[in-house]
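Structural description and commentary
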Amino acid sequence: MSEHTHSAGAHHSHAKTYVITGVSLAIITAIELVLPFIEQMAAVTPYLLVFLSVIKLAAVIAIFMHLKGDHGVYQFLFLPPMGIAVAAIVILGAMAIRTYVPFGVGEPRLAVEKALDPPRDVWPEDKLQEAYAAGLAGGFTDGKELYDANCASCHRNDGGGQTGPAFVDNCWLHGPQLADHVSVLMNGVRGTQMVSFKERFNDDQLRALAFYVHSFQGKPATNPKACQGKEYN
Amino acid sequence: MADAALPHDHHDAHGHDDHGHGHLVENNFLGLPNLKLAMWAFLGSECMFFGSLIAVYFFYHGLSIDGPLPADVFSVTVTSISTFVLLASSFTMAMAVDNMKTGKVQAAKLFLLSTAFLGLIFVGFQVYEFQHFWLDKGLALQTSLFASSFYVMTGTHGTHVTVGIIWLLMVWSFIHRGKIKAGNYLPVEVAGLYWHFVDIVWIIIFTFVYLLEF
């Protein structure tokens, strides 16, 4: 059956197989390292990476660990738990994708994100100018109410920031303009708990919120969070 | 089940004269060495252990409220070097077992030392990575879901590598002092199984945790 049926002491060397396996593994790893940097491959890279790592896993287990051709009891002890582990990773990973915000401000990094990335909502210039004018004239009164109900749990009532960044300093992660605030509110921020609010608020509410957030700058806050992002003057 | 169908790779050839290590090659009712059987069972449980750590990392991926995020801290250079180092160590480990099996004890000892040395380099890279993330990038264990799940997952792996290094050095020392004799390759083979397992865990972490972020 296998080479193990030789009587002890007459083991053949597998050095050649090990050298070939080792070199192959190194080559596959080198390919894996290059793949993420080839723009044209972005759509298939994640699948290729999964495929290549499965080959590497199989090679190490079958050849280096000698499980292939070894006694079935060893395979029985190892392979089913490994299947359970892989299932756990796949299932929890899939659950995470469902809760993950694949869009928002900030450039998409992962190929999966690029594929899923919807166009971002932007307000036209005249709409923004209108919002500025109305805000400066004190046209929005419900900004504070909306903010306290929807934003204060992360950014605090005084804008000092808690889990989310502070608004009282002149530091901004996604730009200092009213247009930037509207964009963050509408699109959310990729990979964070800042979700999109465009379904929840109408245009007037978005304007009111963006203006209220903007108005925090320079105001006092108790124990404000340190500067995050870029400082604007 | 006929006995003849079983691989007798640990046949009575070593007899029971190997000075206190006779228990290592004692066969159980399956005709398989207990030590190797136990190691495979242990590795099965380790699969589920690491499986849950990696699954938790993925589950929390993208849910961190505050940075630094993976893309802000990961370095492709550092990770690829340490990955190649660990890969090379798997090769030297396989060669150590092979040489022990074919009776080339001196070569086996040299490959064991090389494996431990490569493992040490890997751990060194991880220590560098952790202190760089923590002190330079401000990513402490409690910073975010990413930080906690990342440190616990890779830290557990690094601990396994460290345990592996100590184990390999012990095996080397046992061979050196004649406590493991030529022909008794089981202790080397079993240490090798553990070492290769630690390598396959890194194959998964390297691909899915690091490479997908670049």
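Computed from a predicted model, the values in this text were never measured in an experiment.

Thresholds applied
Residues numbered from 1 in each chain as written. Chains lettered and ligands numbered in written order. Predicted model: local features only at pLDDT ≥ 70, side-chain atom pairs only at ≥ 80, totals over all residues. Buried ≥ 20, exposed ≤ 12 C-beta atoms within 10 Å, placed from the backbone. Helix = DSSP H or I, 4+ residues; strand = E, 2+ residues; numbered from the N terminus. Axes fitted to C-alpha atoms, helices over the stretch in contact; angles between N-to-C directions. Parallel < 35°, antiparallel > 145°, perpendicular 65-115°, else oblique. Left-handed = near helix turned anticlockwise from the far one by under 90°. Nonpolar A, V, L, I, M, F, W, Y, C, P; charged D, E, K, R; others polar. Expected span 1.5 Å × (residues − 1). Core = buried A, V, L, I, M, F, W, Y, C linked by C-beta atoms within 7 Å. Contact = placed C-beta atoms within 7 Å.

Brief notes about unusual backbone geometry
All names here are of chain A. Non-glycine residue His-66 carries a positive phi angle of around 65°. Owing to 21 C-beta atoms within 10 Å, His-66 belongs among the buried residues under this scheme. With phi around 70°, Arg-156 is a residue other than glycine that occupies positive phi space. With respect to the element layout, Arg-156 can be found in the loop between α7 (152-155) and β1 (171-172). By the C-beta count within 10 Å, which is 23 here, Arg-156 ends up buried.

What to know about the packing of helix α3 (residues 76-101) of chain B against helix α4 (residues 105-136) of chain B
When two helices pack together, their arrangement is captured by the angle between the axes and the distance separating the axes. Residues and elements named next belong to chain B. The N-to-C vectors of α3 and α4 enclose an angle of 160°; their axes lie 8 Å apart at closest approach. In terms of their interaxial angle, α3 and α4 are classed as roughly antiparallel. Like other packed secondary-structure pairs, α3 and α4 cross with a definite hand, here left-handed. Grouping the constituent residues of the contact of α3 with α4 by class yields 18 nonpolar, 7 polar and 1 charged.

Looking at helix α5 (residues 125-136) of chain A
Its 12 residues place the ends of α5 of chain A 17 Å apart at the C-alpha level, agreeing with the 16 Å of an ideal helix rising 1.5 Å per residue. Note on α5 of chain A: the residue one or two positions beyond its end, Gly-138 of chain A, has a positive phi of about 75°.

Things to note about the nonpolar core
Counting 79 residues, the largest nonpolar core has Ile-54, Ala-96 and Ile-205 of chain B as its most contacted members. At the level of secondary structure, the elements contributing two or more residues to this core comprise α1 (15-34), α2 (45-64) and α3 (72-99) of chain A together with α1 (34-59), α3, α4, α5 (145-176) and α6 (186-210) of chain B. Considering each element in turn, this core owes the most residues, 19 residues, to α6 of chain B. When sequence neighbours within four positions are dropped, the list of residues in contact with Ile-205 of chain B reads Ile-54, Met-153, Thr-154 and His-157 of chain B. Residues Tyr-147, Phe-167, Leu-206 and Phe-216 of chain A belong to the second largest nonpolar core, which totals 20 residues.

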